[in-house]
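Structural overview for review
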Amino acid sequence: MTPPAGRNYAGPWRRTPGRLLGIGFVRLYQLTLSPLVGSHCRHLPTCSEYAYEAVARHGLWRGGWLGARRVARCGPFGKAGLDPVPHDHS
């Protein structure tokens, strides 16, 4: 499976107010703070791309939880590599 051409998730998702709010916060981070932090993420997709896709696909609450869990796993002793957003709601 090849990733989409853009930086963030390009698949279909419902544009609900909660999802738009969550996506807005992620994009705000990507445009303002992410360049200051630097690009040294060990995961693919990066944490902000993961959060964007999680919120778009699963909604604000579940996607936000998945994104927060991903950021918590990003510590210095965490694993690296491919870590896609889960497709199911379990």
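These remarks concern the structure in this document. Small disclaimer: the values here were computed from a predicted structure and weren't measured. The residue numbers shown here count from 1 along each chain, following its written sequence. In view of the model being predicted, local features appear only for residues whose pLDDT reaches at least 70, and side-chain atom pairs are presented and counted only at 80 or more, with totals across whole chains, interfaces and linings using the full set of residues. Side-chain measures here rest on the full set of heavy atoms in the structure, leaving out hydrogens and waters.

With that settled, the discussion passes to the overall build of the protein chain. Runs of E in the DSSP output that reach at least two residues are strands. Runs of H or I that reach at least four are helices, and both are numbered from the N terminus. Regarding its fold elements, the protein chain presents 4 helices and 2 strands. When its helices and strands are written in sequence order, the protein chain yields α-α-β-α-α-β. Dimensions of the protein chain, computed from C-alpha atoms along their principal axes, come out at roughly 35 × 30 × 25 Å. Expressed as a percentage of the 90 residues in the protein chain, the buried residues total 32%. A 1.4 Å probe rolled over the protein chains alone gives each residue an accessible area, and that area as a share of the maximum for its type sets the label: buried under 20%, exposed over 50%, partly exposed in between.

Now for helix 1 (residues 17-32). What a helix should span is 1.5 Å times the count of its residues minus one. Here helix 1 is 16 residues long and its end C-alpha atoms lie 22 Å apart, about the 22 Å a rise of 1.5 Å per residue gives. For helix 1, the complete set of buried residues consists of R19, G22, I23, V26 and Q30. The buried residues of helix 1 occupy an angular sector of 95 degrees when the element is viewed end-on, so they sit on one face. Every exposed residue of helix 1 that faces more than 90 degrees away from the buried side is listed here: P17, F25 and L31. Any pair of residues with heavy atoms lying within 4.5 Å of one another is described as a contacting pair. Looking at the buried residues of helix 1, the elements they touch are helix 2 (34-37), helix 3 (47-58) and helix 4 (60-72). Picture the helix axis, draw a direction to every C-beta atom, and the arc is the one those directions span.

Bringing the pattern of salt bridges into the picture now. Here, a salt bridge means any Lys or Arg side-chain nitrogen found within 4 Å of an Asp or Glu carboxyl oxygen. In total, this model carries 3 salt bridges according to the counting rule given. E53 serves as the salt-bridge partner of R57, at 2.6 Å between the closest nitrogen and oxygen. With R57 and E53 both in helix 3, this residue pair falls 4 residues apart, about one helical turn. The pair R57 / E53 is uniform in exposure class, with both members buried.

Any functional reading would require information that these geometric values do not contain.
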